[in-house]
Every structure is written in C-alpha cells, then in structure tokens.
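What follows is the residue order along each chain.
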Amino acid sequence: MPSNLDTLRLEQRLLHEQVGILLRHLPGMVLGTVMLASGAAWLLILRGLPGSYVLAWWCAMVAYSAGRLGLYAWHRRHPHHEGNVRQWAWVLTAASAGAGMVWGSIALPFFTPEDPFTLAMIAFVLCGILASATQSIGSFWPAQVSFSIPCLMPFAIRCLFDADPSLNMLGLLSLLYLVFTASFARSIPRSLRESIQLRIENEQLVDHLTAAKEHAESSDRRKTRFLAAASHDLRQPIHAMGLFVPSLQRLVRDPQPSHRELADIADRMQSVLGSMGQLLQVLMEMSRLDSGAVTVRRTPCAINPILSQVGEVLREQAQSKGLRIRIVQTPLWVEADPAVLHTILLNLVANAVRYTEEGGVLVGARRRGNNVEIQVWDTGIGIPEQELPQVFDEFYQASNAARASARSRGFGLGLSIVHRSADLLGARLVVRSRLGRGSLFGLLLPGSRPVSEPPMPPRAPAASGLVVLVLDNDEQIVRALTHLLSGWGHTVLGARTMREALVLAWNNDASISLFVVDYHLSEDFNGLQAIARLRGILEREVPALVITGDASIQLTDGDMQQDITLLHKPVDPQALQRRMDEAIHPAAGIV
C-alpha cells in the first residue's frame, strides 16, 4: 500500500505533467482557434449577418488568442516547477474559461432561428471546437470543464428556451454532447495518472537496479582489492615459512645441531604462523559478516568479564612492545550479544596496541544517561583529522601508518569488522584522535540492570591421558593433530575415512574420551553426521569438537546441548587445548 508521501509525490507529478500538456498544446490550440474563428466569421458575413458585429467578435477572439500566446511566452521565461505548478494550473484553467466565453458569445448576437443553416454552422463550430479542446486540455479536467460549459451552454440555453420544438431538441442534444465530452475528458486524467504511476514505478525500479548494479560493482571492486591484499599478506608468511623449512631440515640432519639456532627458527616460524592465523581469522570474520552468518542474541551482559578476556588475549602482545594494557574495573552492564561485543572490543584494543609504540592502552566504561560508552584510549600515532570519516572503511590505513613497525601494521580490516559488528548490535561508534598524541574509540550501547549469575566454578586442571578419536579426510591434518595431542600426553586414534573411524570406535569403545572431527568429510557426509554414527557405535554421548574452515557453518542450540563444540580453522593450539578441557570438564567452561 503506497504511503502518504508516495501519494503526495504522485499527485504533484500528475499536476506537473498536466500543466506541461496544457502548455505544450497551447500554441496549436491558439492557431486552430484563429483559423476556425476566421472561417466562422467569413461564413457569418456570407450569410448576411452584420459585418461590424462579426468583425468585433473576430477581433475579440484574435486579441484573446494573442493574450494566451503571451502567457505561453511568459512561461518560457518562467517555467513551472514544484513550487508554482499549482498557480500555473489555475492560471491556465482561467485562460481556458475565458476562451470558452469568447466562443460561447457567438450564440448571443448570431442566434438566428429563421436561418437553420447559420444555426447548424454555429452548432458545428461549437461542437468541433469542444471536441478539439477535449483532446488538448482534457488532461486537466478543471480546465476542460471551465472551457466547455461557457462554450456550449449559451447556445444550448437559447435553443431550449425557443418556441420551436426542433430547436429545443437541438438544445437538448447540445447538453447531452456537453455531458458526453465532460465524461470522456474525466477518464483522461485517470489514464494519465496510471501512466505516470507506472512511469514512477519504472523509474524507481531503474533506480533500484542501478543502485544494485553499483553496489555489486563496488562489492566486486572491494573483493578484488580484498583478495589482492589478502593474497599479498598470505604470500609473505608462506614465503618466510618456505625459507625457514630448508634451514630447519639442514639443522635436523646435522649430527650436532645448534639448539639456539633451532630455538630461533622455531620461534620465528611460530611468529609467522601467528601472523598468518591472524589474517585468516580476520578473513573468516569478514566472510561471516558478509554471508550474514552472525546471529545476534541480545542479553544483559556484564562488561568486566569481556574486558578481562580481551586484556588477557592481548596482554602478551602489548608486553612484547613494552606497552601496558590497563583495564578499569566497572560494575556496568549493557544490552548486547556477548560474543559480538567481544569481537568488537578485541579488534578495538588490538588496533590500539598495533598502532601504539610507547605508552599504553586504557580501557574502561562510562555511563551516558541510559546508555553506557565503552572507551578504548591509546597513546599511539593518532589519525589525521581529515581521514577520520574513512577509519571504518575496508583496508583503510592512516596515511601515517608507516610510522608503525612493519610487524605491527595490520590489514586494514579490523575497524571495518568493528563497524559491521556495531551495526548488528545497533550500537553507535565514536572516534576522536590527535595526530601524534593518540586516539579514543568509543562504543555506545544501551545500559542494562545487572542480572544475578551463578558463581564461577573453579577451573579444572588441563585434561591429560585422554583417548582421542581424530577423523579428517586430510592425512596431513590427521598427522599434525596426532603429533600435537600426543605431545600433550593423549592417545590419538587417527582416521581418514568414516569406515576407519567406525572400526576404531568399535575396537576402543570403552576408552574413547573425545572426538575431534572435521566438518567437511565428503560432499554428502559431514562431521555432525559422523559424530551421531560414532556415538551410536559407542552407545554413549562422547564429547566432540567439530573443526571447519567454512565461516558460514554455525551450530544450532540443539547441537551445543549435545556436547558438540565448533572451532574455526586455523585453530590456535592453546584454544584447542582450552576447548578440550571444557569438553571433558563442562563445569570448567566459561558460561
């Protein structure tokens, strides 16, 4: 159903079009009027009617027609627009009424009942001009009515009040003709309205298609730039790894390898892998946001635990740069999705650490009326004032970002993730910065009343000595997980196919403590289905971790209630160990 604004726009557009039609037809109407009036005047003179009267009528018609042409010329200098279209409409309606009066006046001095030919000629001229006017000014019904009534009504009245019955019939027919032309003219604006409405809808459709096309082209350009940047940033660590591996192989073959050199290479490879993992994590987060896979569940949540988690994650990175992260304790609560809020704050604090070379980062929260603003302050390089509107764009990096060390510079995606995630929460972002002094990023969220929570249970010690069934169709992943988990003191049963996994489950049914399963096992079989079959063999609900590289994969509430945890590749070993502990000791997990 169209809104009042759409209806008003349609009416305004219709009136604008109607006035335009009246003005476009005006020169032709004036020319036709003068020609028809001249022919009628000549016939009247030939029929012996007083020449002075005929000439006076003809001169009045020509003078009035010249005035209408002057009105047309005035419009050429002062065209109608949205502000004056209604005034022009009524001016043209009045001009049509005047023209109708001049034509109707022919029935006053030249009505000759004794001369049927003259009456027939007058009736023919009036009906002809009325039919022509219906086509030329019928688009605006008030103008058509204001012309037709004074044009034909005087002749019809003279005929109706004459003593001759035949003239009475002629007067009645004239009135019927007047009603017929008015009725016909009434349908013209309706047709014009439908045509304009269809045109507006087509224009809107074209606008939407154009906007969609531009959005798609812009999206393609962003993705091309995205892939180019990601390709470059992925090639760098892969290139570094390719150079480290031969050195590592050489040292392994050396009868007396240098432990210091081995440790240095291992540390550097760990750093390279960490950089690659960060990029892949960012790419995955962007993919989840683009695909709409992020589900928001707003609940009252305390700010302190989330800030503490963010501080713990980034504290080591800050300390490696000689920076201090200070988390100001706060009793405030907000209405938000804890996971999305964690993502926002993690990116904001990580960005602050990345572009701060000395000093530190301060994180806290303040009440703003009914809202709460979570603030991240840093003493970093700052952002030029003219670039502040672009800070949340994809791949944005301040023009002074080169001041940050190459190791610290990011990918220009963190703040874009922040912006999109804040939109999901309906939160407002605030940014202030002074070049060379630091920046403030604020997140404004609705405040919430505290909700009582059960006391946090003590964390259980890291699980060890487990029998873990690993199922992945990639042999390298199976081998890597086997080495990693074995190093943690676990017994690993590795399988590449569902058949192998079922055999291992059957032979070790009593000892298996945990499943670690890849989600994409084949085109028609996934990890959740594999877990269901394995549990069927064991006849018990063994905890399971599902690992996937697909950012769009999300677990349902039912899956999570069945002791299934989802991890996205690349999986940080510490995160894997923590999730294993939480799976084996659910009470140790973070609520």
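Above this text is the structure in question.
Quick caveat, the model's predicted, so the values are computed rather than measured.

## Notes on the overall build of the chain
Part 1: Looking only at helices and strands, the chain features 15 helices and 14 strands.
Part 2: Looking at the chain as a whole, 43% of its 591 residues qualify as buried.
Part 3: Of all intrachain contacts in the chain linking residues separated by at least 6 positions in sequence, the fraction that spans at least 24 positions is 71%.
Part 4: Carbon and sulfur atoms make up 58% of the accessible area of the chain, which totals about 32,100 Å².

## Some remarks on the packing of helix H4 (residues 116-137) against helix H5 (residues 141-160)
Part 1: Look at H4 against H5: their axes get within 10 Å of each other, and the N-to-C directions meet at 175°. Here H4 lies roughly antiparallel to H5, going by the angle between them. Contacts between H4 and H5 pair Leu-119, Ile-122, Ala-123, Leu-126, Ile-129, Leu-130, Ala-133, Thr-134 and Ile-137 from the former with Ala-143, Gln-144, Phe-147, Ser-148, Cys-151, Leu-152 and Phe-155 from the latter.
Part 2: Split by residue class, the contact of H4 with H5 holds 13 nonpolar, 3 polar and no charged.

## A few points about the packing of helix H3 (residues 85-104) against H5
Part 1: Where H3 contacts H5, the two axes come as close as 7 Å, and the packing angle between them is 15°. Put simply, H3 runs roughly parallel to H5. Every pair of crossing elements has a handedness; the one defined by H3 and H5 is right-handed. Every residue of H5 that contacts H3 at Trp-90, Thr-93, Ser-96, Ala-97, Ala-99, Gly-100, Met-101, Trp-103 and Gly-104 is listed here: Pro-142, Ala-143, Ser-146, Phe-147, Pro-150, Cys-151 and Pro-154.

## Describing the pattern of salt bridges
Part 1: Inspection of the entire model under this criterion finds 9 salt bridges.
Part 2: Its salt-bridge partner being Arg-496, residue Glu-475 comes within 4.0 Å of it at the nearest N-O pair. Of this pair, Glu-475 sits in helix H11 (residues 475-487) while Arg-496 sits in the loop between strand S9 (491-495) and helix H12 (498-507), and the two are 21 residues apart along the sequence.
Part 3: Measuring nitrogen to oxygen at the nearest pair gives 3.0 Å for the salt bridge that ties Arg-579 to Glu-582. With Arg-579 and Glu-582 both in helix H15 (residues 573-584) and 3 residues apart, the pair spans about one turn of that helix.
Part 4: The class of Arg-579 is partly exposed, set by a relative accessible area of 32%.
Part 5: According to the relative accessible area criterion, Glu-582 is buried, its value standing at 14%.
Part 6: A cluster of three or more residues bridged by salt bridges with shared partners is formed by Glu-475, Arg-479 and Arg-496.

## Re the sheet that holds strand S13 (residues 544-548)
Part 1: Read from one edge of the open sheet, 5 strands run S9-S8-S10-S13-S14, paired in parallel fashion. Of all the strands in the sheet, just S9 and strand S14 (564-568) have a single pairing partner and so form its edges. Between one strand axis and the next, the sheet turns by 20° as a mean value, whatever way the strands run.
Part 2: The pairing of S13 with S14 spans 5 bridges and is classified as parallel. Counted as the bridge partner of Val-546 is Leu-566 from S14.
Part 3: Where H15 meets the sheet, it contacts strand S8 (467-471), strand S10 (514-518), S13 and S14, and its direction lies at approximately 150° from that of S13.

## Notes on the packing of aromatic side chains
Part 1: Under the criterion given, the structure shown has 3 aromatic pairs.
Part 2: Taken together, a centroid distance of 5.7 Å and an interplanar angle of 70° make the contact between Trp-57 and Trp-103 edge-to-face. One end of the pair, Trp-57, is in helix H2 (residues 51-77); the other, Trp-103, is in helix H3, and 46 residues separate them in sequence.
Part 3: A ring pair is formed by Trp-90 and Phe-140, whose centres lie 6.1 Å apart and whose planes are at 65°; its orientation type is edge-to-face. Placement of the pair is Trp-90 in helix H3 and Phe-140 in the loop between H4 and H5, with a sequence separation of 50 residues.
Part 4: Residue class for Trp-90 comes out partly exposed when judged on its relative accessible area of 48%.
Part 5: The buried category is assigned to Phe-140, whose relative accessible area is 8%.
Part 6: Between the NZ or CZ atom of Arg-186 and the centre of the ring of Trp-141, over which it lies, the distance is 4.5 Å.

## Some remarks on the environment of Ala-97
Part 1: The residue Ala-97 is located in helix H3 in this model.
Part 2: When the C-alpha atoms of Ala-97 and Ala-143 are compared, they prove to be 7.2 Å apart, with 46 residues separating the residues in sequence.

## Quick look at the pairing of strand S4 (residues 360-368)
Part 1: In the sheet, strand S2 (residues 324-327) pairs with S4 via 4 bridges, with the strands oriented parallel. Looking across to S4, one finds that Ile-325 is bridged to Val-361.
Part 2: Where S4 and strand S5 (residues 371-378) come together, 8 bridges link them in antiparallel fashion. Its bridge partner lying in S5, Arg-367 is registered against Val-372.
Part 3: The hairpin formed by S4 and S5 contains 2 residues between the paired strands, and Gly-369 there has a positive phi angle of roughly 65°.

## Regarding the nonpolar core
A general trend in soluble globular proteins is that nonpolar side chains are found buried together.
Part 1: With 47 residues, the main nonpolar core has Val-19, Trp-57, Trp-103, Phe-110, Leu-126, Phe-147 and Phe-155 as its most contacted residues.
Part 2: Only helix H1 (4-46), H2, H3, H4, H5 and helix H6 (165-253) provide two or more residues apiece to this core.
Part 3: In terms of residues, this core owes the most to one element, H1, which gives 11 residues.
Part 4: Those residues within four positions of Phe-155 in sequence are excluded, and the remaining contacts are Ala-107, Phe-111, Leu-119, Ile-122, Ala-123, Leu-126, Leu-170 and Ser-174.
Part 5: In this structure, Cys-301, Leu-332, Val-363 and Leu-443 belong to the second largest nonpolar core, which totals 39 residues.

## Details of a nonpolar patch on the surface
Part 1: Together, Ile-157, Leu-160, Phe-161, Met-169, Leu-172, Leu-173 and Leu-176 make up an exposed nonpolar region whose accessible area comes to about 690 Å².
Part 2: In this fold, Leu-160 is placed in helix H5.
Part 3: Of the residues examined, Leu-160 reaches a relative accessible area of 33% and is grouped as partly exposed.

## Details of empty space enclosed by the protein
Part 1: Evaluated as defined, the whole model comprises 2 cavities of 30 Å³ or more.
Part 2: When its volume is computed, the largest cavity comes out at roughly 60 Å³.
Part 3: Together, Leu-22, Leu-26, Met-29, Arg-68, Leu-92, Ala-95, Ser-96 and Ile-137 line the largest cavity.
Part 4: Those elements giving two or more residues to the lining of the largest cavity turn out to be H1 and H3.
Part 5: Residues that form the lining of the largest cavity fall into these classes: 6 nonpolar, 1 polar and 1 charged.

## Comments concerning the side chain of Ser-433
Part 1: Position of Ser-433 among the secondary structure elements: in strand S6 (residues 428-434).
Part 2: A polar contact of 3.2 Å, which involves the side chain of Ser-433, links it to the backbone oxygen of Gly-438.
Part 3: There is a polar contact of 2.8 Å between the side chain of Ser-433 and the side chain of Ser-439.

What counts as what
- Chains are numbered independently. Their residues run from 1 in the order of the written sequence.
- Restriction of local features to residues with pLDDT of at least 70 applies here, the model being predicted, together with a cutoff of 80 or more for giving and counting side-chain atom pairs; totals for whole chains, interfaces and linings are based on all residues.
- Side-chain metrics in this entry use all non-hydrogen atoms of the structure; hydrogen atoms and water are not considered.
- Only DSSP runs of H or I with at least four residues qualify as helices, and only runs of E with at least two residues qualify as strands; both kinds are numbered from the N terminus onward.
- Type-normalised accessible area, obtained with a 1.4 Å probe on protein chains alone, sets the label of each residue: buried when under 20%, exposed when over 50%, and partly exposed for intermediate values.
- Any two residues whose heavy atoms approach within 4.5 Å are treated as being in contact.
- Each accessible area value is a Shrake-Rupley result obtained with a 1.4 Å probe; residue values ignore everything except the protein chains displayed when judging cover.
- Angular values range over 0 to 180 degrees, each being the angle between N-to-C directions of two axes fitted as lines to C-alpha atoms, with helices fitted over their stretch in contact.
- Roughly parallel here means an angle under 35 degrees, roughly antiparallel means over 145, roughly perpendicular means 65 to 115, and every remaining angle is called oblique.
- Gly counts as polar in this scheme, as do all residues outside two lists: the nonpolar Ala, Val, Leu, Ile, Met, Phe, Trp, Tyr, Cys and Pro, and the charged Asp, Glu, Lys and Arg.
- Should the near helix be turned counterclockwise from the far one by less than a right angle, the crossing is left-handed, whereas a clockwise turn marks it as right-handed.
- Each salt bridge in this description consists of a side-chain nitrogen of Lys or Arg and a carboxyl oxygen of Asp or Glu lying within 4 Å of one another.
- DSSP bridges decide pairing: two strands pair if at least two such bridges lie between them.
- Note on aromatic contacts: the rings of Phe and Tyr and the six-membered ring of Trp form a pair at centre separations within 6.5 Å, being stacked when their planes are under 30 degrees apart, edge-to-face when over 60 apart, and tilted otherwise.
- The rule for a charge over a ring is simple: NZ of Lys or CZ of Arg within 6 Å of the ring centre, and within 35 degrees of the ring normal.
- Side-chain atoms within 4.5 Å link the members of a nonpolar core, which is a set of buried Ala, Val, Leu, Ile, Met, Phe, Trp, Tyr and Cys residues.
- Like-charged residues within 9 Å of one another, or nonpolar side chains (Val, Leu, Ile, Met, Phe, Trp, Tyr) within 5 Å, are grouped into patches, provided each residue has over 30% relative accessible area and no salt bridge.
- The distinction between a cavity and a pocket rests on a 1 Å grid over the protein atoms alone: a 1.4 Å probe fits inside a cavity but cannot get out, while a pocket stays open yet meets protein on both sides within 12 Å along at least five of seven lines, and a residue with an atom within 4 Å of a point counts as lining.
- Grid points are joined across faces, edges and corners, and a volume is the space filled by probe spheres set on the points.
- Under this definition, polar contacts are N or O atom pairs within 3.5 Å; protein pairs additionally need one hydrogen-donor-capable and one acceptor-capable atom, and for neighbouring residues in sequence, both atoms have to be side-chain atoms.

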